[in-house]
Amino acid sequence: MAEREAGRRLSYDLVPDVVLQWDGGEDDTFVVQVAFNLHLTMGAAHASDNGDDDASAEDGDPLANIKYVLEGLFRLEMREGDEAPTEEELAAYAETTGLFALYPFAREWAHDLTGRMGLPPLTLGVLYVPVDGPESSK
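S.K.: For this particular structure, what's the right way to read the sheet that holds strand β3 (residues 61-75)?
M.R.: Consider a sheet: its strands pair through backbone hydrogen bonds, and that pairing is either parallel or antiparallel. The strand order β1-β2-β3 describes an open sheet built from three strands, whose pairing is antiparallel. Where the open sheet ends on each side, the last strands, each with one partner, are β1 (10-21) and β3. Each neighbouring strand pair of the sheet contributes to a mean axis angle of 15°, computed without reference to strand direction. Looking at chain direction, β1 and strand β2 (residues 29-42) are connected through twelve bridges and run antiparallel. Looking at β2, one finds that D13 is bridged to H39. Each of β1, β2 and β3 touches helix α1 (residues 87-116); the most contacted strand, β3, lies at about 130° to it.

Put into structure tokens, the structure is as follows:
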């Protein structure tokens, strides 16, 4: 791996892919599996020592594409007489609460791995999950 150049920034794009694993039967557990696709780039320097500003126009050099998978086992707590959730309801749970539950572990893993790679330890930002609601249809 090439030595880092002064003034260049480590940037990332994190794309989570959430999968619900549920058999729909009598079992009261389900698994939320999230494949995190982490794309690292080394951004261009803001300006070189000689005043040449051309490097700042680059989007950044691809550095690494890392995919890691985390799974969480969840258990349904149902009261007597409650209807079982639909697959759509559990999928929505997986895409929101399940993803939020696994995200701190994904952050720690990315931070640890980039440090072990000799890069500046990467701290992933706050997780934002876009939700379509009544306002988004306007």
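S.K.: So what exactly am I meant to see when it comes to the packing of aromatic side chains here?
M.R.: Aromatic rings in a pair are described by how distant their centres are and how their planes are angled relative to each other. On inspection of all chains with the given rule, the structure shows five aromatic pairs. Seen in terms of ring centroids, F36 and Y68 are 5.6 Å apart; in terms of plane orientation they differ by 25°. Their pairing is stacked. Residue F36 is located in strand β2, and its partner Y68 is located in strand β3; the two are separated by 32 residues in the primary sequence. Y68 gets classed as buried once you look at its relative accessible area, which sits at 5%. Counting every residue linked through ring pairs, the aromatic cluster contains F30, F74 and Y93.

S.K.: Got a minute to help me understand the nonpolar core in this structure?
M.R.: Nonpolar side chains tend to gather and get buried jointly when the protein is soluble and globular. Counting residues in each nonpolar core, the largest one holds 29 residues, and the members touching the most others are F30, V32, F36, L38, L40, Y68 and L124. Every element with two or more residues in this core is listed here: β1, β2, β3 and α1. Sequence-distant contacts of L124, defined by excluding residues within four places in its chain, comprise Y12, L14, L38, Y68, Y103, A106, R107 and A110.

So, how was this worked out
Sequence order as written defines residue numbering, which begins from 1 separately in each chain. The predicted nature of this model means local features are confined to residues of pLDDT at least 70 and side-chain atom pairs, given and counted, to a pLDDT of 80 or more, with totals for whole chains, interfaces and linings taken over all residues. Excluding hydrogens and water, the side-chain figures rest on all heavy atoms present in the structure. One requirement defines pairing of two strands: DSSP has to find at least two bridges between them. Strands are runs of DSSP state E lasting at least two residues, helices are runs of H or I lasting at least four, and both sets are numbered from the N terminus onward. Every angle, taken between N-to-C directions, lies between 0 and 180 degrees, and every axis is a line fitted to C-alpha atoms, over only the stretch in contact when it is a helix. By the convention used here, residues are in contact when the closest approach between their heavy atoms is within 4.5 Å. Each pair of aromatic rings taken from Phe, Tyr and Trp, with Trp reduced to its six-membered ring, is defined by centres within 6.5 Å and is described as stacked if the planes are under 30 degrees apart, edge-to-face if over 60, and tilted in the remaining cases. A 1.4 Å probe rolled over the protein chains alone gives each residue an accessible area, and that area as a share of the maximum for its type sets the label: buried under 20%, exposed over 50%, partly exposed in between. Take the buried Ala, Val, Leu, Ile, Met, Phe, Trp, Tyr and Cys residues and link them wherever side-chain atoms come within 4.5 Å; each set so joined is a nonpolar core.

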